[in-house]
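Below are the chains, spelled out letter by letter.
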Amino acid sequence: MCGIVGIVGVTNTVPRMMEALHRLEYRGYDSAGVATLHDGDLHRCRAVGKIAALDSKLVERPVKGDIGIGHTRWATHGEAVEVNAHPHMTDKLAVVHNGIIENFASLKKELIDKGHQFEGETDTEVVARLITDYLTSGIDAKNAIFKTLKRIEGAFALAILVNDNNNTIYAARRGSPLVIGLGQTENYLGSDAIALASLSNKLIYLEEGDWAQISRDSVSVFDMTGEEVARPITYSQVSNTFADKGNYRHFMQKEIFEQPFILAQTIGKYFDQNACKITLPVEGFDFSEVSKITIIACGTSYYAAQVAKFWLEKMARIPVEVDIASEFRYRDPVYMDGGLAVFISQSGETADTLAALKHAKSAGQTILSILNAEESSMSRESDMVFPIYAGPEIGVASTKAFTCQLVVLAALAIEVAYVRGELDDNGVKTVIDNLEEVPRLISDILNNHKDIEKIAHYIAKARDILFVGRGTHSAIAMEGALKLKEISYIHAEGYAAGELKHGPIALIDENVPVIGLAPNDDLFDKTVSNLQEIMARQGKVIIISDREADAVVGGSEKLLSFKMPKACALVSPILYAVPVQLLAYYAAVEKGTDADQPRNLAKSVTVE
Ligand code: F6R
């Protein structure tokens, strides 16, 4: 989603802003631009498409300046065309923006009535024109920005470069993250620590409602009342080297194939096999006192939550509610005293999840966040953070972060089960022993990737595909369908297998492949019955199972199958996540889509 950079520097900022924009590419975007102040004039360059297009344009028409702002845009208001790309400029300033100005329509009307002319359709342009209006009436830049901030509504991060000889960038944060980087003779601004990794590791995170004045040698932060405030300096651990693909064709492929190693690390952090103990990264919180667990997340992280609900209820016998973040706070949820609210997010910045977290926090729930980005808005708002240690995930489609989330959720479930007396020392030892096998079992699955490639070759021709499973594997079916549709653009849906006959079975014919996740567990016979119902209607079933395919559906020459290793019920959904990731990846490769940066998607979804 939109990314912001800014440099108040002593040498030309453009190459360094471009480097920072490349670092923000992983967030997803559809246009990019930079604006600088040079010799008393504002200069700008914008391009639609990848940052490489902006690079080329800058070669043809160079822009330079010691002070500048840059942006990657993920379109919300107005198409991805150059006139809507940021920075937006007037004769007095340039503005870049991440988020949404909710009252832009009424402000735009007011400004048009005053004679302002708008070039594009974005909500951002309203900010540029409103500040310009105040500046034209004689108000200085700082007060013009403060007045504007009081008038705009919504969730946003802004960087504003005013042409007033003060060599200052103004920044504002409401909802969307923004961080200031401190340098020796320069200062910086970025959407996250990753953007600033090659510029500074000495960071000031703006808090909700903060705005700031950044010059070469000073940084002043103000709260929403206009009072100057001191915010702590933190030191980022984010590496300044670019993640690279190694010998892989795509980051997504690399991230799928590195799961055995990454998961071994995460398992090592949360489980001590020798001592047969869970080693949680927090001390002093008594999980036995928790009355109810509410788990909130979006997308793939939400499917991890669904798996966790099965685990927690079955192993720990505690009531668990799971909801998608975009719905949660709007349905007026009922909290219980002593409730634990768990938020799962790889980015730690997802606007809906962050808003739900704040809702639960204000209702007095204890907040536990399960995050990949340890330096994130959610981590700062939480009582406890469980990192998933997946490392940077560059592919927009989440893979290794999902399986790492599952491992951490398994640790939570086992801990809660133990402290509630539902699992004894022997039980803990057994589950830890099983989890320790996960990296080896996933390596076995990955070694057979050619079999999945054959299936992907077949399904890539389909227009619609269904994924079905039962229990924890119904969540993996939904995750498989999400993965496939987001990167191959094949329409796919995931269902609890038993639900099919309540509607979706009407879709079944010889052109609709159905991927059946059928582990040999206590629901195996039920799943097989559902697969038989599909085959009885000419549906093409593809079996992913640890049983021989013939045993599952009685044999069929047209049947495709993938053989899984045997695993216990706790470990099984972690393993079944891997073939559905591979299926999506190879189907995308077969179709020639961009597996790493699929159309319309953003890695860090910072608008509601
Ligand atoms: C899909 C995917 C998304 C994210 C969702 C939430 O592959 O990655 O569905 O899971 O946007 O993002 P986070 O986990 O960052 O809150």
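Notes on the structure follow. Because the structure is a prediction, the values reported are computed rather than measured.

## A look at unusual backbone geometry
Thought 1: Here H86 and P87 are connected by a cis peptide whose omega angle stands at 0 degrees.
Thought 2: Position of P87 among the secondary structure elements: in the loop between β4 (67-73) and β5 (88-89).
Thought 3: Of note, N167 is a non-glycine position whose phi angle comes to about 45 degrees, a positive value.
Thought 4: Counting through the fold element by element, N167 comes out in the loop between β7 (154-162) and β8 (169-174).

## Re the pattern of salt bridges
Thought 1: Within this structure, the stated rule accounts for 30 salt bridges.
Thought 2: Note that K292 is salt-bridged to E321, the shortest N-O span being 2.7 Å. Pair noted here: K292 is in the loop between β17 (277-278) and β18 (293-297) and E321 is in strand β19 (residues 320-324), with a separation of 29 residues, a long-range link.
Thought 3: Looking at K292, the relative accessible area reads 15%, which means it is buried.
Thought 4: Ionic pairing is found between E313 and K309, a salt bridge with its closest N-O pair at 3.1 Å. Separated by four residues within a single helix, E313 and K309 lie in helix α8 (residues 299-316), roughly one turn from each other.
Thought 5: Linked by salt bridges that have partners in common, K292, E321, D323 and R331 make up one network.

## Here we look at the sheet that holds strand β25 (residues 513-517)
Thought 1: One open sheet accounts for five strands, arranged β24-β23-β25-β26-β27; its pairing is parallel. Because the sheet does not close on itself, it has two edges, and the strands there are β24 (491-496) and β27 (560-563). Between one strand axis and the next, the sheet turns by 15 degrees as a mean value, whatever way the strands run.
Thought 2: In the packing of helix α15 (residues 449-459) onto the sheet, the strands contacted are β23 (464-469), β25, β26 (540-545) and β27, and the crossing angle to β27 comes to about 150 degrees.

## Structural notes on the environment of E121
Thought 1: Along the polypeptide, E121 turns up in the loop between α3 (104-113) and α4 (124-136).
Thought 2: Taking the C-alpha atoms as reference points, E121 and V468, separated by 347 residues in sequence, lie 42 Å from one another.
Thought 3: When residues no more than four places from it in sequence are discounted, the contact partners of E121 are H77, G78, E79, N84, F104 and K108.

## Examining a nonpolar patch on the surface
Thought 1: On the surface, V48, V81 and V83 cluster together into a nonpolar patch covering about 170 Å² of accessible area.
Thought 2: Secondary-structure assignment places V81 in the loop between β4 and β5.
Thought 3: Owing to a relative accessible area of 30%, V81 belongs among the partly exposed residues under this scheme.

## Side note on helix α5 (residues 141-151)
Thought 1: The set of residues buried in α5 consists of A141, A144, I145, F146, T148 and L149.
Thought 2: Buried positions along α5 lie against α4, β7, β8 and β12 (211-214).
Thought 3: Of the residues flanking the start of α5, the one acting as N-cap is D140, its side-chain oxygen 3.2 Å from the backbone nitrogen of K142.

## Examining the sheet that holds β8
Thought 1: With respect to topology, seven strands assemble into an open sheet ordered β5-β6-β7-β8-β12-β13-β14, the strand pairing being antiparallel. One side of each edge strand has no neighbouring strand; the edge strands of this open sheet are β5 and β14 (228-229).
Thought 2: Where strand β13 (residues 219-222) and β14 come together, two bridges link them in antiparallel fashion. Across the sheet, F222 pairs through a bridge with E228, a residue of β14.

## Quick notes on the site of the ligand
Thought 1: Close to the ligand lie 14 residues; S301, S345, S347, T350 and E486 are nearest.
Thought 2: Calculation on the ligand without its partners gives an accessible area of 400 Å², and the protein chains cover 91% of this total.
Thought 3: At the level of elements, α8 and α16 (472-488) are the ones that each hand at least two residues to the shell around the ligand.
Thought 4: Looking at side-chain class alone, the shell around the ligand contains four nonpolar, eight polar and two charged residues.

## Focus on the packing of aromatic side chains
Thought 1: With the rule as written, the count across this model stands at nine aromatic pairs.
Thought 2: Between the aromatic rings of F328 and Y335, the centroid separation amounts to 6.0 Å while the plane-to-plane angle is 75 degrees, which identifies the pairing as edge-to-face.
Thought 3: A relative accessible area of 1% means that F328 is categorised as buried.
Thought 4: Taken together, the aromatic side chains of F146, W211 and F222 make up a single cluster linked through ring pairs.
Thought 5: The ring of F118 carries the charged tip of R129 above its face, separated from the ring centre by 5.8 Å.
Thought 6: Positioned above the aromatic ring of Y489 is the side chain of R599, whose terminal nitrogen or guanidinium carbon lies 3.8 Å from the ring centre.

## Considering the packing of helix α7 (residues 259-270) against helix α12 (residues 400-419)
Thought 1: The N-to-C vectors of α7 and α12 enclose an angle of 25 degrees; their axes lie 10 Å apart at closest approach. Of the possible angle classes, the one that applies to α7 and α12 is roughly parallel. Two packed elements cross with a definite hand, and for α7 against α12 that hand is right-handed. Residues Q259, I262, L263, T266, I267 and Y270 of α7 pack against K400, T403, C404, V407, V408 and A411 of α12.
Thought 2: Tallied by class, the residues present in the contact of α7 with α12 amount to eight nonpolar, three polar and one charged.

## A word on the environment of S56
Thought 1: Inspection of the secondary structure assignment puts S56 in helix α2 (residues 51-60).
Thought 2: Classification of S56 by relative accessible area gives partly exposed; the value is 41%.
Thought 3: Along the backbone, S56 and V342 are 286 residues apart, and their C-alpha atoms lie at a distance of 45 Å.

The rules behind the values
- Residues numbered from 1 in each chain as written.
- Predicted model: local features only at pLDDT ≥ 70, side-chain atom pairs only at ≥ 80, totals over all residues.
- Heavy atoms only, no water.
- Helix = DSSP H or I, 4+ residues; strand = E, 2+ residues; numbered from the N terminus.
- Salt bridge = Lys/Arg side-chain N within 4 Å of Asp/Glu carboxyl O.
- Buried < 20%, exposed > 50% of the residue type's maximum accessible area, 1.4 Å probe, protein only.
- Pairing = 2+ DSSP bridges.
- Axes fitted to C-alpha atoms, helices over the stretch in contact; angles between N-to-C directions.
- Contact = heavy atoms within 4.5 Å.
- Patch = residues over 30% accessible without salt bridge, like charges linked within 9 Å, V, L, I, M, F, W, Y side chains within 5 Å.
- Areas by Shrake-Rupley, 256 points an atom, 1.4 Å probe, with all protein chains shown as cover.
- Polar contact = N/O pair within 3.5 Å; in protein donor to acceptor, adjacent residues only side chain to side chain.
- Near = heavy atom within 4 Å.
- Nonpolar A, V, L, I, M, F, W, Y, C, P; charged D, E, K, R; others polar.
- Phe/Tyr/Trp six-rings, centres within 6.5 Å; stacked < 30°, edge-to-face > 60°.
- Lys NZ or Arg CZ within 6 Å of the ring centre and 35° of its normal.
- Parallel < 35°, antiparallel > 145°, perpendicular 65-115°, else oblique.
- Left-handed = near helix turned anticlockwise from the far one by under 90°.

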